[in-house]
Amino acid sequence: MIAMPITLKQNYAAPPTDGTPPAVSVSNLHIRFGNEGSEFTALQDVSMQIQEGALVTMLGPSGCGKSTLLRCIADLVHISDGSVSVLGQMPRKAREGRDFAFVFQDATLLPWRSAIENVRLPMEVGRRDSDTTFADPEQLLALVGLKGRENALPHELSGGQRQRVAIARALVTRPRILLMDEPFGALDEITRDKLNEELLRLWQETGTTILFVTHSIPEAVFLGQYVLMLASHPGRVKEFMKIDLPGPRTLAMRDTVEFIRITAQLRALLEQC
Amino acid sequence: MTDTIHSAENTVPVSTKKAAAANKLLAPLLDNLPAALAIVGCILLWQLIVWGFSVPTFMAPSPVEVLYAFKENAGILWTNLLPTLMEAALGFVFGNLVAVLLAVWFVYSPLAEKAFYPIAVIIKSIPIIALAPILVLLVGNGFAPKIIIAGLICFFPTLVNMVQGLKSTSPAMLDLMRVLSASNSEIFWKVRLPASLPFLFAALKIAATSSVMGAIVAEWIGSSFGLGALIIEATYNFRSPLLYATVVIAATLAVVLFFAVSIVEKKVIRWKPAAHD
């Protein structure tokens, strides 16, 4: 039986009108871990759609399954029930076609490779068709502000710089979707602010769809066109909210009444989760 | 005006370069000075004790007598050093090679690890000195039992470390490789194997010294050549200065092999393990 996608809220990202498939479409997704008897439901009946080009942040209490949902889209978690489609394909197909890239909380750089060699890693592994085109690693490092540090080894870079390398590495395959799992969660606030600003700029320049998991309400509001909020026990969609803030967004905007109103609203929602 | 500035710019780097070069030579010397002084002090103390208590030479020779023994027996020491070096080196190569290959198999086949790891532990727990006569009976009295024992002594630490090293890759790194649709062999060559190198070299440094010990112990059992045989012969004939000289040669061989591995390690591993932010 094919379950119909359920629209829980009217402010869901509207499906595209021109018939192209959405970047990510999740319907009636269930994720269960463990064996019979000691089963644990991580996600229950999750449905949502993300249009191409959107920047959606995912927020929720710890253990609500935000990371699980992201890993599900990335084909890193087995789907128990329901369906996930990425650009109209199964997640496995999308992964093999390099339609998305993943940025982890830890930069996960290979410590024996220089910054630029780490960025080149995706060019050296996996199935490569002859017509695959890659972005220029040198230009990407310049784009993330690491010009001149191409030959630095990871231990010679700061935490923020390592994460910049990881972002450059994610972009080298020219992905249409960027999945980010608390990528700045381990960084100090000043570095995080700077990277947030640069991520916004990057998104505007490249038009990449971004799905960004965070546990920071201000980060979610500052970055997101939409905030997808999950509730826990079991993990389910609580709210899919459009963030109506005028662009271009600047760090100073976080001190405006409007910004604070939205974060307060989300905080109140989060308390019900 | 500009000329003087230029000349100043030219002279300063040269002089600092010279100073840096001098520092490069001096720094290690100064670094090792305490150790060198301590060794010299111990040798002096040894000489004084032998003199002061009139210890007979057969019981404990003085450093000077050992030095004479080096001079008088240079030929014997050299011809017996070569077979021991060869046995230790071949044992090192084969023992470690088998250990590395077995570690790779264990990492990819949990069943193999379950089945053969206990056997490796059992072999490890047999005293090497008890294994030597058994091997002599099995493979004769030539080079073979010595190489096998030198190899066996290297084998276990390398196996344990290599298994740990190959498993040291973080789950996040493996997730990344999966997202990149990397094949198993790509993950092995690009991630697992390089990540295991620091673990491997830690074991190889242990193996470098213990392979010499293995070769010498093997030579104790009915052998007519090698440093081990020379130790037995010198002991039975009360040629204590020769015995001591042989022990010094054996220790030097182990130290040289240790430093050889250390130098290769420095060339291969120029990175530090991932600092987690």
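This is a predicted model, so every value here is computed, not measured.

What counts, and at which threshold
- Residues numbered from 1 in each chain as written.
- Chains lettered and ligands numbered in written order.
- Predicted model: local features only at pLDDT ≥ 70, side-chain atom pairs only at ≥ 80, totals over all residues.
- Helix = DSSP H or I, 4+ residues; strand = E, 2+ residues; numbered from the N terminus.
- Contact = placed C-beta atoms within 7 Å.
- Nonpolar A, V, L, I, M, F, W, Y, C, P; charged D, E, K, R; others polar.
- pLDDT = per-residue confidence, 0-100.
- Buried ≥ 20, exposed ≤ 12 C-beta atoms within 10 Å, placed from the backbone.
- Pairing = 2+ DSSP bridges.
- Axes fitted to C-alpha atoms, helices over the stretch in contact; angles between N-to-C directions.
- Domains from an automatic or database assignment.
- Expected span 1.5 Å × (residues − 1).
- Parallel < 35°, antiparallel > 145°, perpendicular 65-115°, else oblique.
- Left-handed = near helix turned anticlockwise from the far one by under 90°.
- Core = buried A, V, L, I, M, F, W, Y, C linked by C-beta atoms within 7 Å.

Asks: Quick rundown of the overall build of chain A? Include the residues and the values.
Replies: Of regular secondary structure, chain A possesses eight helices and nine strands. Dimensions of chain A along its principal axes, counting C-alpha atoms only, are 50 × 45 × 45 Å. Contacts spanning at least 24 positions in sequence make up 72% of the contacts within chain A whose residues lie at least 6 apart.

Asks: Which residues make up the interface of chain B and chain A, and what values do they have?
Replies: Between chain B and chain A, the contact holds 22 residues from the first and 24 residues from the second. Breaking the side of chain B that touches chain A down by element, the ones donating at least two residues are α7 (171–179) and α8 (184–220) of chain B. Looking at the side of chain B that touches chain A, the element that brings in the most residues is α7(B), giving seven residues. Class assignment for the residues of the side of chain B that touches chain A results in 13 nonpolar, three polar and six charged.

Asks: Tell me what's going on with the confidence of the model for chain B, and back it up with residues and numbers.
Replies: Residues and elements named next belong to chain B. Across chain B, pLDDT averages 87, with 90% of residues at or above 70. For chain B, the element scoring lowest by mean pLDDT is helix α1 (residues 2–52), at 73; helix α3 (residues 74–108) scores highest, at 95. The low-confidence segment residues 1–12, where pLDDT is below 50, has zero contacts with residues more than four positions distant or belonging to other chains. Across the predicted assembly, pTM comes out at 0.81 and ipTM at 0.85.

Asks: Give me the pairing of strand β5 (residues 100–103) of chain A: which residues, what numbers.
Replies: Residue and element names in this part refer to chain A. Burial of β5 is two-sided: the residues Phe100 and Phe102 facing one way and the residues Ala101 and Val103 facing the other way are all buried. Bridge count between β5 and strand β6 (residues 177–181): four bridges; the pairing is parallel. Across the sheet, Phe102 pairs through a bridge with Leu179, a residue of β6.

Asks: Tell me about the environment of Phe240(A), residues and numbers included.
Replies: Note on placement: Phe240(A) falls in strand β9 (residues 236–242). C-alpha of Phe240(A) to C-alpha of Gln49(A): the two residues are 191 residues apart in sequence and 9.8 Å apart in space.

Asks: Describe the sheet that holds strand β2 (residues 40–50) of chain A, listing the residues and the values that go with them.
Replies: All names here are of chain A. Reading across the sheet, the three strands line up as β2-β1-β4 and stay open at both edges, with antiparallel pairing between neighbours. Of all strands in the sheet, those with a lone pairing partner are β2 and β4 (81–86), marking the two edges. With direction set aside, neighbouring strand axes in the sheet form an average angle of 20°. Two elements, strand β1 (residues 24–33) and β4, share five bridges in a ladder whose sense is antiparallel. Each residue of the ladder has a partner; that of Val24, found in β4, is Val86.

Asks: Give a description of the environment of Lys71(B) that names residues and reports values.
Replies: Residue and element names in this part refer to chain B. Among the secondary structure elements, Lys71 is positioned in helix α2 (residues 63–72). Judged by the 8 C-beta atoms lying within 10 Å of it, Lys71 is exposed. As a C-alpha pair, Lys71 and Ala245 span 174 residues in sequence and 9.8 Å in three-dimensional space.

Asks: Run through the domain arrangement of chain B, naming residues and quoting values.
Replies: For chain B, the assigned domains read domain 1 (1–54) and domain 2 (64–268). Each of domain 1 of chain B and domain 2 of chain B has a C-alpha centre, and the two are 35 Å apart.

Asks: Report on the sheet that holds strand β8 (residues 226–231) of chain A, specifying residues and quantitative values.
Replies: Residue and element names in this part refer to chain A. A sheet is described by the order of its strands in space; here six strands give the open sequence β5-β6-β7-β3-β8-β9, paired in mixed fashion. Edge positions in the sheet fall to β5 and β9, since each has one partner strand and no second. Averaged over neighbouring strand pairs, the angle between their axes works out to 15° when direction is ignored. Looking at chain direction, strand β3 (residues 55–59) and strand β7 (residues 209–213) are connected through four bridges and run parallel. Pairing of Met58 across the sheet is with Val213, part of β7. Helix-sheet contacts for helix α8 (residues 257–272) involve β3, β8 and β9, and the interaxial angle to β8 is about 20°.

Asks: Please provide a residue-by-residue account of helix α10 (residues 240–268) of chain B, values included.
Replies: An α-helical segment advances 3.6 residues per turn. Residues three or four places apart therefore align on the same side. The end-to-end C-alpha distance of α10(B), which contains 29 residues, comes to 42 Å, matching closely the 42 Å that a straight helix rising 1.5 Å per residue would cover. Those residues of α10(B) that are buried lie in contact with α2, α3, α8 and α9 (226–236) of chain B.

Asks: Describe the packing of α3(B) against α8(B), with residues and values.
Replies: Residues and elements named next belong to chain B. At their nearest, the axes of α3 and α8 sit 8 Å apart, and the two run at 130° to each other. By the criterion of interaxial angle, the relationship of α3 to α8 is oblique. For the element pair α3 and α8, the recorded crossing hand is right-handed. For the pair formed by α3 and α8, the contact residues are Thr84, Glu87, Ala88, Gly91, Phe92, Gly95 and Asn96 on the first element and Leu204, Ala207, Ala208, Ser211, Val212, Gly214, Ala215, Ile216 and Glu219 on the second. Of the residues that constitute the contact of α3 with α8, the class distribution is eight nonpolar, six polar and two charged.

Asks: Tell me what's going on with the nonpolar core, and back it up with residues and numbers.
Replies: One finds Phe102(A), Ala168(A), Leu179(A), Leu211(A), Val227(A) and Leu228(A) to be the most contacted residues of the largest nonpolar core, which totals 87 residues. By residue number, the principal contributor to this core is helix α5 (residues 159–171) of chain A, which donates six residues. In contact with Phe102(A), other than residues within four places in its own chain, are Ala74(A), Ala170(A), Leu179(A), Leu176(B) and Val179(B). The next biggest cluster of nonpolar side chains, apart from the first, holds 48 residues, and it includes Ala103(B), Ala208(B), Val212(B) and Leu257(B).

Asks: Can you break down the packing of α3(B) against helix α6 (residues 144–166) of chain B residue by residue, with the values?
Replies: Residue and element names in this part refer to chain B. In the contact formed by α3 and α6, the axes pass within 6 Å of each other and the chain directions differ by 35°. Crossing angle aside, the handedness with which α3 passes α6 is right-handed. Taken together, the residues of the contact of α3 with α6 sort by class into 22 nonpolar, five polar and two charged.

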